Amino acid sequence: MFRIGWRGVKLSRKVTNAAAFAQTQRRYSTDEQDRSLFGLLFDIDGVLVRGRTPIPAAKQCFRDLVDGDGKYKVPVVFVTNAGNSLRQTKAEQLSHLLEVEVSPDQVVLSHSPLRVFTQFHDLCVLVSGQGPVVEVAHNVGFKNVVTIDMLREAFPLQDMVDHHRRPKDIIPPSKDLPPIDAVILFGEPIRWETNLQLIVDVLLTNGRPGNTVTSLHYPHIPVLACNMDLLWMAEAKSPRFGHGMFLVCLESIYKKITGCELKYEALIGKPSVVTYNYAELLIRQQAENLGWTRPVERLYAIGDNPMADIYGANLYNRYLKAMHRSRAQVQAQGGSASQVTGDLACEASDDAKCSGQVMVGGSFEHRLPEGCGSILVCTGVYNRDQQDLPSDPEQAVTEQRIFHGHRDFRFDPSLTQPSFIVHDVRDAVELVFQLEGRPLQ
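Residues numbered from 1 in each chain as written. Predicted model: local features only at pLDDT ≥ 70, side-chain atom pairs only at ≥ 80, totals over all residues. Heavy atoms only, no water.

A.B. asks: I keep staring at the pairing of strand β11 (residues 223-226) and nothing clicks. Help me out?
C.D. replies: Looking down a regular strand, the side chains alternate between one sheet face and the other. Neither face of β11 is exposed, since V223 and A225 on one face and L224 and C226 on the opposite face are all buried. Where strand β10 (residues 182-185) meets β11, three bridges bridge the pair, whose relative direction is parallel. Considered in β11, the bridge of I184 is made with L224. Taken together, β10, helix α6 (residues 192-204) and β11 constitute a β-α-β crossover, and its handedness is right-handed. Across three bridges, β11 lies against strand β14 (residues 266-268) in parallel orientation. From the neighbouring strand, L224 faces β14, where its bridge partner is A266. (Buried < 20%, exposed > 50% of the residue type's maximum accessible area, 1.4 Å probe, protein only. Helix = DSSP H or I, 4+ residues; strand = E, 2+ residues; numbered from the N terminus. Pairing = 2+ DSSP bridges. Right-handed = clockwise from strand over helix to strand, strands pointing away.)

This is how it looks when you write it as structure tokens:
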């Protein structure tokens, strides 16, 4: 590792894997056949905004990323673990905050990859979260949706923590609901005690919460969870609880009651490989919209959370390398690239929970990017004033080596090491364009 200064900023930048990234530098050419082709993946909270307040560097950064006609110079996709809105709404918010046009096709929310989990779309699903959860569920393909509020209304005696919400005098009759086939956890709910109680009721009764629990149904009905962030950065001076904290509570309660581990059919959102595969699909579409005829060669993911953004980008980079090795081996044996299956790539990526269809967007015949670089900014969860990178790359960024990732992800400290650390998102974008030999302005 070595340090380089940047744009006169007092904060120095640590650079790892410099030799590998040095190979990406090229001379700029206006001819697409000669210039390097890359895409940018932006986290939102802690990188572009904190709560509802834009980070100052973000507006200038995006003014530089578009030309005089407002057209992006390179493919740009926003990848966030937020999931309490529709893509259209998030795109409108970003357009307003950044003062550039952002389309819904440039936005990946934590639940966006659920579109490919078609085997669950016709089932009756219980959804947990906040915001327009029914609309969100329908938008990603679910047809038969039950909310926590609907469940509570049908079984009012089962939500008893808040004394003021308990039924008075006359107990209302329960309403009939269809049996629940799966549970979809979109994000942190507002009333945790209600959601935890009713979700556990559904799991213990095999989807029939009005029934008496007479025996353990295990494995329980499928659970799909979006957004594993333990913490996230808003306007407060320290990080706030995220959906990952809610999952910790749910897992702990279920195990305490049953003695068994809560199992997930899928874990979606950063750092899952399936989320980055979905983002890469959108990057390809953006490249086509820009008129590019050659595939994107490299991706750069910019984030503020070592355990979500950096871990996820590095895990995806490992996945890409494994896919290229597997393809080369298959082709050397006279096979075709399509013979490289999702299971093989998933196994090669060392992702402890690589659920769902990793082949987002079709077959593996298309050319994947060569790799994905990870860039950590200091405007969100990671704060260099409070936490410095260890000199030993085998150590983790996380303070005192405490693992803030999800239970089902193997803790690999090397995956929390960013390719680069910069002060803010503008520095990150300027660095990428410098590495690629492209002028930003």
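A.B. asks: Would you explain the sheet that holds strand β8 (residues 124-128) in this entry?
C.D. replies: The strands making up a sheet associate through backbone hydrogen bonding, with each pair oriented either parallel or antiparallel. Across the sheet, which stays open at both edges, the five strands sit in the order β9-β8-β10-β11-β14 with parallel pairing between neighbours. Looking at which strands have only one partner, the edges of the open sheet turn out to be β9 (144-147) and β14. Across the sheet, the axes of successive neighbouring strands diverge by a mean angle of 20°, strand direction being ignored. (Axes fitted to C-alpha atoms, helices over the stretch in contact; angles between N-to-C directions.)

A.B. asks: Quick question: what am I supposed to make of a nonpolar patch on the surface here?
C.D. replies: Among the surface-exposed residues, L157, M160 and I171 lie close enough to one another that they form a single nonpolar patch of about 260 Å² accessible area. When its relative accessible area of 43% is taken as the criterion, L157 is described as partly exposed. (Patch = residues over 30% accessible without salt bridge, like charges linked within 9 Å, V, L, I, M, F, W, Y side chains within 5 Å. Areas by Shrake-Rupley, 256 points an atom, 1.4 Å probe, with all protein chains shown as cover. Salt bridge = Lys/Arg side-chain N within 4 Å of Asp/Glu carboxyl O.)

A.B. asks: Looking at this model, I keep getting lost on the environment of P239. Mind explaining?
C.D. replies: Along the chain, the position of P239 falls in the loop between β12 (231-232) and β13 (240-241). Separated by 193 residues in sequence, P239 and G46 place their C-alpha atoms 9.9 Å apart. Sequence-distant contacts of P239, defined by excluding residues within four places in its chain, comprise L231, W232 and M233. (Contact = heavy atoms within 4.5 Å.)

A.B. asks: I'm lost on the side chain of T194 in this one. Help?
C.D. replies: Its location among the elements puts T194 in helix α6. Setting aside chain neighbours within four positions, we find T194 in contact with I148, R152, D159 and R165.

A.B. asks: Would you take a moment to explain the side chain of Q286 for this structure?
C.D. replies: When you line up the elements, Q286 lands in helix α8 (residues 273-289). Overall, the relative accessible area of 11% leaves Q286 in the buried class. The contact partners of Q286, leaving out residues within four places of it in the chain, are P75, V76, V77, S103, D105 and Q106.

A.B. asks: Would you mind going over the confidence of the model for the protein with me for this structure?
C.D. replies: Caution applies to low-pLDDT parts of the model: their predicted coordinates are not meant to be read in detail. Across the protein, the average pLDDT comes to 84, with 81% of residues at or above 70. Low pLDDT (under 50) marks residues 1-30, which in the prediction has 71 contacts with non-local residues, meaning those over four places away or in another chain. pLDDT under 50 marks residues 352-364. Its contacts with residues more than four places away, or in other chains, come to 43 contacts. (pLDDT = per-residue confidence, 0-100.)

A.B. asks: Before we go on, may I ask you to explain the packing of α8 against helix α9 (residues 306-332) in this structure?
C.D. replies: Two quantities define a packed helix pair, namely the angle between the axes and the distance from one axis to the other. Two elements in contact, α8 and α9, have axes whose closest approach is 9 Å; the angle formed by their N-to-C orientations is 75°. One element, α8, and the other, α9, form an angle in the roughly perpendicular class. Residues V273, Y276, N277 and E280 of α8 form the contact with α9, whose own contacting residues are A308, D309, G312, A313, L315, Y316 and Y319. Residue classes in the contact of α8 with α9 are distributed as seven nonpolar, two polar and two charged. (Parallel < 35°, antiparallel > 145°, perpendicular 65-115°, else oblique. Nonpolar A, V, L, I, M, F, W, Y, C, P; charged D, E, K, R; others polar.)

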